Amino acid sequence: MIALYVMLFAALNYWQVNRTEELATEPGNTRALIRQFDTPRGPIVTADGVVAALSVQAPGDSDVKFERIYPTGDLFAHVTGYYTFGLGATQLEKTKSGVLTGDTFTQRIRAIEKILSRNNDNSGSLHLTLRDDMQKVAKFLLGPREGSIVLMEIETGAVISMWSYPSYDPNLVAAPDYNAAFDYVTELQADERDPLLANAYQQRYMPGSTFKVLTTGAALDLGVISLDSFWEDEREYVPPQTTDPIMNYAGSVCGGDLTEVFRRSCNTPFARIGQDLGPDQFQEGIFRWGVEQEIPLDLPGAAASTIGNFADIGQNLPLLSMRAFGQNDDQMVPIHMAMVAATVANDGEMMKPFVVDAELDHGGRIINRTQPAVWKRPISRKTAGILKDLMVGVAESGTASCCIALEGGIPVAAKTGTAQLNDTGEPERSHAWIIAFAPVEQPKYAVAVMLKGTDAEISAGTGGRLAGPIAKAMLDAMFKIDPPLLPAAPQGVTP
Amino acid sequence: MAVEAMPVSPRIVARRRTTELALIVMVAAIVGVAYTLASLGANAEIPARIGPFLGLLLLLIGGAHVTVRKLAGGADSTLLPLAVLLHGLGYVMITRLDDDLAGLQSLWSLVAIAAFAATLLFVQRANDLARYKWILFFVGAGLLLLPMVPGLGVNVNGARIWVSVGPLNFQPGEFAKLALAIFFAAYLAERRELIAASTWKVGPFRLPELQYIAPVLVGWVFAVMVMVGERDLGSSLLFFTLFVVMMWVATERVSYLVIGFVLFGLAAFASARLFDHVQTRVDIWLNPWADEYGKGFQIVQALYGLGDGGIVGTGLGRGSPDKVPEAQNDFIFAAIGEEMGLIGATAVLMAYLLLIGAGLRVALRTDRTFEKLLAVGLTTIVGIQAFIIIGGVIKVVPLTGITLPFVSYGGSSLLSSYILLAILLRLSDAGARRLGELPDDPTPRERWAAWQLRRRSHEVVA
C-alpha cells in the first residue's frame, strides 16, 4: 500500500515539477490564457475620448469572463492590434498588456491598499495621441485606395492620425468563435495587400521626388550646394559610367537656381547633386535623417527606410544619381516622410513619433506620460530655414500649387513626389506622394500622404494632383479643430 | 465481577479524546481558512456565508466528536480528524467549482454525519455485524447487480452504476462494498483454517478444497460481471482487490494474492480485447494526447491543471479546474493539485496514508479474527479506492470512474465513507476495550438482555 502511494507521489512530482514547462507549452493548454482573460482589461481611448478597445462581460457560457471588443472597427486596428484567446495579441494590446491588466510595478504597488476590498479590478488604460475624428477624416479621404495618411504634431512628434488602407476589423479576429476568427486571419494573411500590416509604418515605398528634401538638406549641410547654385536648362543628364540619360518628369526641359529646380522638381539637377556629393557623403547625409534605422515609434514592428545597397555603388554611379532624387532602390516608410516634413518645420530637429500619450491606472492617475524627445538632428537650423522656403515655393507656385492651398489662407509648405515604378517602355506605374506642413511660421502639423501605384488612375497622376488635395483636406480639418494662433499672419509685420 | 478486576486507566482514554478534539479544531481552522481563501481568490471577497459555513462545520464535526466520545470512547484519535480534513478540503473544492452542488453537498454532509452517528449507535458490538453476514452477502450482491436491472439502472457517462428509484438516485456499489467486506470478514473468520489447509496442488500452488475456495471464485465472477455489465472497471478492480487481500490476510498465504491478481489480469486482458470501451480506456491511458479534444480531454486537462499548479499551486480560487469535466467527482484530485499544488496534493496523499495506517493499527490491536479481517478490509477499500482514482487522474493507471472517498462530490460516496469510518472506529474502540484501556461496560442492549434474563430467573425463582 505504501509502495502504491509512493508511486502516486512520484507521479505527482513528475507532473507538477518535472513536466510543468512541457505541459504549459502544449497548444491545447489554455490555462495561462484563461488566467489573462479572467482579469479585467482596461480600455484604449483616443485623444478625443473615443474608446477604441474595451473589455465587456462575456456571455455566461463562455470559458472566460471577458471579451475584447473594438467599437471603432478597423479605424485603429493597426495601432491597438488585437487581443485574442486563440490567436495571440498584437501591437498595443501586446506591448501594453501589463498596463491594461494592471500588472505593472507601479500599479501593483498602488493596488496594495485594495488587496482586501471587494473590487479586485486593477486594470489600467491607455490614452492615445490619435484622434478619432481625424482618423475618420483620413479614412474618408483615402477611400478605397491603397496607401496611407499620417498627420503629426510637429513640436512633439505626437501622431494625430495614422490611417492605412487596407486595414482589418479586430473584432472579427477577437471573435469568440475561434474557427471563424482563424478563417478571417488566414484570409488576411493570404491577401496580397497585407491588411494586417500598416502601410503607414510597417511598409516602405519608393518616395520619388519627396526624397529631394533629404538630398537637398544633406547637400546644403555639407556645403555642396547653396541657394546660389545654378543649373543650366537641360532635357536629360548622362551620369558617369553609362550612356543611358536621366530624364526630367515627362521629358521636360528643366533648370534654374535651387528655388526654381526644387519648385519645379527637376530631376537632372538632383542627379548631378548626387554625383557632386559622391557615395560616401550622400550616404552620410541621408543617414542623418534616420534612413536605415527602424522608426522609433512606440508600436512594434515599425519598418526602416532605405537607400539600397551601396557596396558596389562606385561601379554603379548612375544608381547614385537616381537615388538622389528618390528612385531606384530608395524606399521610405510613410510616417518617416511625415517626420521629414516635421523636421524641416521644426528647425532641423526630428522628434520621436509616438501614439501613446499616457498610461493611466485604474483610478485614472497617470502612471507614465510620453515625453517628447528628439530622435535626430539631420540638418542645421539654417538648412531647415532654406528648405522651408523651398517647400513654400512648391506649395505656392510649384508642383503642389494646384491643390495644397489651405482654407483661410493659412500658409503651407509642401513637396510632392511621383515615384516611377515602371522601367522605360512599360505601362506607367507610380506612387503618388505629398508631404506638407502648416502654418509656415510657428508650424503645428505635418502630413504625409502616399497613394500606392496600384491602378492606372493613380499611376497617371502626379503626387501634387492626387495626394495634394488629401493633404490639404487633412490640414484644413485639423485647423478647424485646432485653429492656428495667428490666422494668416500678415508677412513682414513687426510689433 | 470480572469488570471490576480489569485494569482501568481512564486518563489514557480521556487523552485520546482530547487529542481528537485538538486535531478536529485544527482541521476546522484549516478548512475554514481554505474556504475563505477560495472565496478571496475567486471573487476577492470574504465569503458571505462564512458564518453559516463555520457553524455547520463546527456542528458537524462537533457532533461527530461527541458521538465518538459517548459511543466509542476508546477509539483511535486520528481517524475522525483525517476523514474530516479530507471531507472539508473536498467541500471547499466543490464550493469553488459549483455553488449549487456545494449546497447539496452540505446536505449530504449532514446526512452522512447522521449516518455515522447512527452506525456507532446501532453497532455497539462489532460481532453483531458478523451475525448478519449472509443477509449482508445477499444485500451486497443484490446492490451490486441492481444497476443491471432494466428500468432501475441508469447509464451515466458510459458506466451503468447508478440506480434510479423514483426521485432517489444512488450508486448501490458504494454500499455493496461495505456489505461484502463485512460478509467476507465474517465468512473467512469462520472458515480460515479450512481454506488455509490446502489439500490439492496445481503446479507450485497448493489449493484448498473447492467448496471452501468457492467464495473467491464467486468474487471473481462478480468482479467480471460488474466489469462487463456495468462498464465499471474501477469498482470491479476495487472489489476484487478487497476479496483477494482479505483472503490473503485470513489464510496468510501469498499464493492467494498471486492467483487472485493473475485471474483478474486475465479477465482484464480478455475484456480489453473483447470490449471497446475497455480498450479505449487503455489507449487513453497510454497516450491521452492522441485524442486530446475527445476522449482524452478530461485527463489531458487534468494534467495541464496539475502542471499549472506546480509546487505551490495557483492558489485556491485562482486556477481553472473547471476546465476539467466532472472536476467535482472523479477529478477532484486534479482540482486540488492545481490550486493547492504539489504540497496540497501531497498532504491529501499523506492523509490517506495516515488513514490507512490508523486502519491497519486497528487490525493489529485486536485479537479477534473477524475484527482483524474487517479492519483490513475497510482500510483496503479506502486505500485502494483512493489509489485507483488518484492514479487514474495522474495517469499512473488507466482511468476508471470511481469517487475519491470523503473528498468527491456525491451522497452515496460520502454516506458509505462515513459508515465505513464509523465501523472502523467501532472496531478500534472494541480493541481498546478488550485491551482494558477502558471499562468494557455492557451496552444498553446487553443491559436490557441481562435485565430480562434476571427477571426471568427471578420469575423462575419466584
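Now for a description of the structure that goes with this document. (Residues numbered from 1 in each chain as written. Chains lettered and ligands numbered in written order. Predicted model: local features only at pLDDT ≥ 70, side-chain atom pairs only at ≥ 80, totals over all residues. Heavy atoms only, no water.)

Here we take up the overall build of chain A. Regarding its fold elements, chain A presents 20 helices and 17 strands. Counting only residues that meet the buried cut, chain A has 54% of its 495 residues in that class. By sequence separation, contacts in chain A at least 24 residues apart represent 68% of the contacts at least 6 residues apart. Per element, the accessible surface of chain A, about 20700 Å² overall, is 52% carbon and sulfur. (Helix = DSSP H or I, 4+ residues; strand = E, 2+ residues; numbered from the N terminus. Buried < 20%, exposed > 50% of the residue type's maximum accessible area, 1.4 Å probe, protein only. Contact = heavy atoms within 4.5 Å. Areas by Shrake-Rupley, 256 points an atom, 1.4 Å probe, with all protein chains shown as cover.)

Turning next to the sheet that holds strand E3 (residues 66–69) of chain A. Two orientations exist for strands paired in a sheet by backbone hydrogen bonds: parallel and antiparallel. Residues and elements named next belong to chain A. As summarised here, the arrangement of the six strands in space is E3-E2-E1-E4-E12-E13, forming an open sheet in which the pairing is mixed. Edge positions in the sheet fall to E3 and strand E13 (366–369), since each of these pairs with one other strand and no more. When strand E4 (residues 125–128) meets strand E12 (residues 356–360), the two strands line up antiparallel, connected through four bridges. Looking across to E12, one finds that Leu128 is bridged to Val356. (Pairing = 2+ DSSP bridges.)

Residues and elements named next belong to chain B. Residues Leu59, Leu104, Leu107, Leu110 and Val111 make up a contiguous nonpolar surface patch of roughly 430 Å² in combined accessible area. Among the elements that make up the nonpolar patch, the one with the highest residue count is helix H5 (residues 99–122) (four residues). For Leu110, the location among the structural elements is in helix H5. Overall, the relative accessible area of 39% leaves Leu110 in the partly exposed class. (Patch = residues over 30% accessible without salt bridge, like charges linked within 9 Å, V, L, I, M, F, W, Y side chains within 5 Å. Salt bridge = Lys/Arg side-chain N within 4 Å of Asp/Glu carboxyl O.)

Moving on, we come to the state of the cysteines. Residues and elements named next belong to chain A. What the rule picks out here adds up to two disulfides over all chains. Note on cysteine connectivity: Cys254 is disulfide-linked to Cys266, with sulfurs 1.9 Å apart. Across the S-S bond linking Cys254 and Cys266, the dihedral sits near -65°, which makes this disulfide left-handed. Of this pair, Cys254 sits in strand E10 (residues 254–257) while Cys266 is found in the loop between helix H13 (258–264) and helix H14 (268–287), placing the two residues 12 residues apart along the sequence. Using a relative accessible area of 3% as the deciding quantity, one classes Cys254 as buried. Bridging Cys402 to Cys403, the disulfide has an S-S length of 2.1 Å. The S-S bond linking Cys402 to Cys403 shows a torsion near -95°; that makes this disulfide left-handed. (Disulfide = S-S within 2.5 Å.)

Further remarks concern the pairing of strand E15 (residues 413–420) of chain A. Residue and element names in this part refer to chain A. Counting buried positions over the eight residues of E15 gives seven, a clear majority of the element. Relative to strand E16 (residues 430–438), E15 runs antiparallel, the two sharing eight bridges. By the bridge assignment for E16, Ala419 is matched with His431.

Counting across every chain of the model gives 32 salt bridges over all chains. We note a salt bridge from A:Glu146 to A:Lys452, for which the minimum N-O separation is 3.2 Å. Of this pair, A:Glu146 sits in the loop between helix H8 (132–142) and strand E5 (147–153) while A:Lys452 sits in the loop between strand E17 (445–451) and helix H18 (456–460), and the two are 306 residues apart along the sequence. Take A:Lys452: its relative accessible area is 19%, and that puts it in the buried class. Between B:Arg434 and B:Asp367 there is a salt bridge whose closest N-O contact spans 3.6 Å. With B:Arg434 in helix H16 (residues 411–434) and B:Asp367 in the loop between helix H14 (332–365) and helix H15 (369–393), this residue pair connects regions lying 67 residues apart in the sequence. The partly exposed category is assigned to B:Arg434, whose relative accessible area is 29%.

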